[in-house]
Amino acid sequence: MKVKILDNKFTYFIFLCICFEFPYFDTFSLFNKLMDIAKIILVLFLFILFIKNEKKFPRDIICLTLYTAVIIISTFFNDYGNIKGAFALSIKILAISLLSKMCMKRNPKKFINVAVSILELMVLINFITIIFFPNGLYSTLYQKQNFFLGYDNRHIVFILPMLCLKSIYDYTFSGKLSKMFWFDTFISILTVYIRFSVTSVIGLLIFITYIIFLPILKNLKFINFKNTYMLNIFAFLGLIILRIQEKFAYIIKILLKKDLTFTGRTLIWDNTIKYIKRRPFFGYGVEPYDIRGLKNNNLAAIFAHNQILEIIYQGGLILYVLYSYLMLIIYKKFKEYKDNNVIKIFSIYFLALFIMMLTEVYNNPTIFMMYMIAANIDLLIKFKEGEKNE
């Protein structure tokens, strides 16, 4: 029996609003509690639908379920673990992953369209708050200037998925980029330029440059998911482990006048690696921000400032193996449709994302939504082919 509740845009809108993070609204404790409860109910509801309608659980859902289980277990066996935080993170990941999987199977066109519409609205509201509240809409203990979508480095986790999905939608269903895409791009550029997060500038520049020159660059064979992920690993080994940037100290410090520690990030990497060596297989799970800050000798340093390091810190090598397996699932899907423009756009999205992840950590629902859409991108391509045949 097919589930009709997942057949309309209104349902997609409500469920996505439950899954997405709204940083400004999160400052209200009552809103936070209500959204946490809604996420738990949604996860239970979607699991029941899976059990009723699927003969077996798909590999991507099993992978992410195990992923969240490792985080919870690692947290439980850490004397300083934040069990509530671990469950909140796990529910957040499972809610958006289950929803994305089921909606991509039911109607990927509607799902992506609604997701883009919500992201466009969020990015536009965020831009308005930047214009009217240049010194910030609110402040927190860790960041003084925050806007509707949080502080500067977090804006990109809404902007980049929005532009990626919008361009994919446009190319899939109209064969060209729409005027709305260019409006979204304009707002995104202004947002990143005004607040000027270097990481966001680099990621946005990579993606937009490729999209603009897609007719020329689409035939470049080396731009694919396999190469972008391997580049991510090699860059991780080179910058974070081997510190090859120190070989170019003169250029970085004297000529470019930049800090060789990447604004203190290398110190955080060193501390994180030190703790990883003590618990390499299971990690530490989720810890309170003040504990992470004390470990890094910097109360504002509450993450590893590198995605791979953060994954291994949280769940050890076991968690990183699960993450890598999810990347393998995506790679196999992309390889099957490697000549499709959708795959080429998604590949450059991941190139931008992986580069940003060298110095940042992104565990936002939008990022996991993109993982799941990528892992099920064949459903969108087949849906389009089905429309042609009707």
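In this report, we go over the structure that sits alongside the text. If you're wondering where the values come from, they're calculated on a predicted model, not measured in any experiment.

**As for the overall build of the chain**
Helix and strand counts for the chain stand at 17 helices and 0 strands. For 390 residues, the compact-globule estimate of 2.2 N^0.38 gives 21 Å, and the chain sits close to it at 21 Å. Based on the C-alpha atoms only, the size of the chain along its principal axes is roughly 60 × 50 × 45 Å. For the chain, long-range pairs separated by at least 24 residues make up 75% of all intrachain contacts whose partners lie at least 6 apart in sequence. In the chain, the 45 positive side-chain charges and the 24 negative ones have mean positions that sit 3 Å from each other.

**Here's the deal with the packing of aromatic side chains**
Tallying each qualifying case throughout the model produces 33 aromatic pairs. The interplanar angle of 40° and the centroid separation of 5.9 Å between the aromatic rings of Phe47 and Phe57 together place this pair among those described as tilted. With a gap of 10 residues between them, Phe47 in helix α2 (residues 29–53) and Phe57 in the loop between α2 and α3 (59–76) connect regions that are remote in the sequence. Summarising the aromatic geometry, the rings of Phe76 and Phe77 are spaced 5.2 Å apart at their centres and angled 90° between planes, so their arrangement reads as edge-to-face. The class for Phe77 is exposed, based on a relative accessible area of 57%. Three or more aromatic residues joined by ring pairs make a cluster, and in this case those are Tyr67, Phe225, Tyr229, Tyr320, Tyr323, Phe334, Phe346, Tyr349, Phe350, Phe354, Phe368 and Tyr371. The ring of Tyr275 carries the charged tip of Lys295 above its face, separated from the ring centre by 4.6 Å. If you follow Lys295 out to its NZ or CZ, it ends over the ring of Tyr284, 4.0 Å from the centre.

**Concerning helix α10 (residues 225–241)**
End to end, α10 covers 23 Å across 17 residues, agreeing with the expected 24 Å (1.5 Å per residue, within 8%). Within the sequence span of α10, burial applies to Phe225, Thr228, Tyr229, Asn232, Ala235, Phe236, Gly238 and Ile240. On its buried side, α10 packs onto α12 (265–278), α14 (307–336) and α15 (341–356). In this structure Asn224 caps α10, since a side-chain oxygen of it lies 3.2 Å from the backbone nitrogen of Lys226. Looking one or two places after α10, you find Arg243, whose phi comes out positive at around 55°.

**What to know about the side chain of His305**
Secondary-structure assignment places His305 in the loop between α13 (289–295) and α14. In this structure the side chain of His305 is engaged in a polar contact, spanning 3.5 Å, whose partner is the side chain of Arg265. Separated by 3.1 Å, the side chain of His305 and the backbone oxygen of Thr359 make a polar contact. Apart from the residues within four sequence positions on either side, His305 is in contact with Arg265, Ile268, Trp269, Leu358, Thr359, Glu360 and Val361.

**Describing helix α7 (residues 179–195)**
Helix length check: α7, at 17 residues, gives a terminal C-alpha distance of 25 Å against a target of 24 Å (1.5 Å per residue), a fit within 8%. What α7 keeps buried is the set Phe181, Asp184, Thr185, Ile187, Ser188, Thr191, Val192 and Arg195. Where α7 is buried, its residues meet α5 (108–132), α6 (156–173) and α8 (198–212).

About the thresholds
- Residues numbered from 1 in each chain as written.
- Predicted model: local features only at pLDDT ≥ 70, side-chain atom pairs only at ≥ 80, totals over all residues.
- Heavy atoms only, no water.
- Helix = DSSP H or I, 4+ residues; strand = E, 2+ residues; numbered from the N terminus.
- Rg over C-alpha atoms; globule rule 2.2 N^0.38 Å.
- Contact = heavy atoms within 4.5 Å.
- Lys, Arg positive; Asp, Glu negative; His and termini not counted.
- Charge placed at Lys NZ, Arg CZ, Asp CG, Glu CD.
- Phe/Tyr/Trp six-rings, centres within 6.5 Å; stacked < 30°, edge-to-face > 60°.
- Buried < 20%, exposed > 50% of the residue type's maximum accessible area, 1.4 Å probe, protein only.
- Lys NZ or Arg CZ within 6 Å of the ring centre and 35° of its normal.
- Expected span 1.5 Å × (residues − 1).
- Polar contact = N/O pair within 3.5 Å; in protein donor to acceptor, adjacent residues only side chain to side chain.

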